Structures are given as structure tokens and as C-alpha cells.
Amino acid sequence: MMGSGGLIVMDEDNCMVDIAKFFLEFTVDESCGKCTPCRIGTKRMWEILDRITKGKGTVEDLDKLEELAYHVKGNSLCGLGQTAPNPVLSTLRCFRDEYLAHVVDKKCPAGVCKDLLSFEIEKDKCFGCGMCAKQCPAEAITVTDYTAPGKKKPAYSIDKNKCVKCGACIATCKFKAIIKK
Ligand code: SF4
Ligand code: SF4
Ligand code: SF4
């Protein structure tokens, strides 16, 4: 339950950890600060979620997060603090596999958490049109000396150290040669 009178439809492109963090951020901002569980507990929960979305979380963090969520829920004075942990608890219950993918495999299955993503050009699909390189704001895409088999133009590749993971290249490539992993 997140408030009332609203319905949010999500699919496999929504990361449940990111969603839980998003809703918690709202309650962290809205907390009036009168009681400690809500004032401090929600912040600590947000910090754990932030670590997880950045690939720095551990399996133990999931237990800590759950324990803290029940403390905040059970000991906050008003409805805001009492319901703030709900998105965390329900996503942990129904989408624990997504949390585990973040902390164990260091992957975001939905492809949302930027720190866990990498962009690559599949050389056998690249036609060397150069459109992605023109759109890249970080100048991370360059021509390599590789020429794809059967193609006349050179293939391009992405410098992972320069890439800021904006996704503009994927949207640009009409040959679907760029993948997000
Ligand atoms: S639970 Fe209610 S009273 Fe307590 S800090 Fe949060 S908003 Fe304030
Ligand atoms: S837009 Fe696609 S086909 Fe064109 S250079 Fe980039 S990856 Fe290759
Ligand atoms: S994701 Fe953005 S920054 Fe990274 S290579 Fe593609 S366009 Fe450039």
C-alpha cells in the first residue's frame, strides 16, 4: 500500500529495488522528525537501498533492511512512518530474487540501476553508420580498427570508462546493435 486512490502499473522494465528506494525517498523527505524510528529509521533504510542499487549491498543487508522496516513500522507515531516501510517489505517479499540479483550477481535484471549496467556494441550487428557516436554526450563511442565480417564499414565500440550510461546510443541504433547488460 502506497497511499490510497492510486494504482501504478509496472512491468519487467521497473526495478523493484529502485522502486522501493523511490518511495522511501518520498517518506524520508516528508517525515516531520517528531519520532526517532521514522526520522532516522527511514534514512537508514534508504541508505541500505542506495548501497544495493550501487552494487555495494550484501545478503546481510537484506536481513538488516527487513528488521529495520518492521521496527519503523511498529514504532512510528503516525501513519506516515507506519506505512513508509511497506514498499520495502512487499518488494522484499514478492521480488526477493531481484534483490538477490543486485547483491549476489551485482546485476539489475530490469536494467535500471546505472552502476550495475554496461553498454556494448555487438560487432557482428554494427553497420558502422556512426549515428550512435554522434549522439553520445560523452564521446565514448569510437571507430575501432575492426571491420565486421562481410561489412564494408568499420565497427564501433564503447569505451566503458567514458560511458555515462545515458542510453542515447541504444535509442539511436536502428540495427539494434547496442545492448545493455
Ligand atoms: S511517524 Fe509521523 S510523527 Fe513520527 S516522524 Fe514520521 S511523520 Fe513525524
Ligand atoms: S548506430 Fe548501431 S550500426 Fe550505427 S555505428 Fe552505432 S552501433 Fe553501429
Ligand atoms: S550509454 Fe550514453 S554515454 Fe554510454 S556510450 Fe551510449 S550514448 Fe554514450
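Conventions adopted
Along each chain, numbering runs from 1 in the same order as the chain's sequence is written. Written order decides the labels, with chains lettered from A and ligands numbered from 1. Selection of residues for local features in this predicted model requires a pLDDT of at least 70, selection of side-chain atom pairs for listing and counting requires 80 or more, and totals for whole chains, interfaces and linings are taken over all residues. Side-chain calculation: all heavy atoms of the structure are included, whereas hydrogens and water are not. When we say a residue is near a molecule or strand, we mean one of its heavy atoms is within 4 Å of it. Residues are grouped as follows: nonpolar covers Ala, Val, Leu, Ile, Met, Phe, Trp, Tyr, Cys and Pro; charged covers Asp, Glu, Lys and Arg; every other residue, Gly included, is treated as polar. Whenever a helix is involved, its axis is fitted only over the stretch in contact; in every case the axis is a line through C-alpha atoms, and angles between N-to-C directions fall within 0 to 180 degrees. Numbering of helices and strands starts at the N terminus; helices are DSSP runs of H or I of at least 4 residues and strands are runs of E of at least 2. Angles below 35 degrees are treated as roughly parallel, those above 145 as roughly antiparallel, those between 65 and 115 as roughly perpendicular, and all remaining angles as oblique. In a left-handed crossing the near helix is turned counterclockwise from the far helix by less than a right angle, and in a right-handed crossing that turn is clockwise. For this analysis, residues touch if any pair of their heavy atoms sits within 4.5 Å.

J.: Just to check I follow, could you spell out the site of ligand 2 for this structure?
T.: All residues adjacent to ligand 2 are Ile121, Cys126, Phe127, Gly128, Cys129, Gly130, Cys132, Tyr156, Cys173, Phe175, Ala177 and Ile178. Split into classes, the residues belonging to the shell around ligand 2 amount to 10 nonpolar, two polar and no charged.

J.: Looking at this structure, I do not really get the packing of helix 1 (residues 16–30) against helix 5 (residues 86–94). What am I missing?
T.: In a packed pair of helices, the relevant descriptors are the angle between the two axes and the axis-to-axis distance. Interhelical geometry of helix 1 versus helix 5 gives an angle of 170 degrees and a closest axis separation of 8 Å. Our classification of the angle between helix 1 and helix 5 gives roughly antiparallel. When you trace helix 1 past helix 5, the crossing you get is left-handed. For the pair helix 1 and helix 5, contact is made by Met16, Ala20, Phe23 and Leu24 and by Pro87, Val88 and Thr91, respectively. Looking at the contact of helix 1 with helix 5, its residues break down into six nonpolar, one polar and no charged.

J.: What is the right way to look at the site of ligand 1 in this model?
T.: Taken together, Ser31, Cys32, Gly33, Lys34, Cys35, Cys38, Ser76, Leu77, Cys78, Leu80 and Gly81 make up the full set of residues adjacent to ligand 1. In terms of residue class, the shell around ligand 1 is made up of six nonpolar, four polar and one charged.

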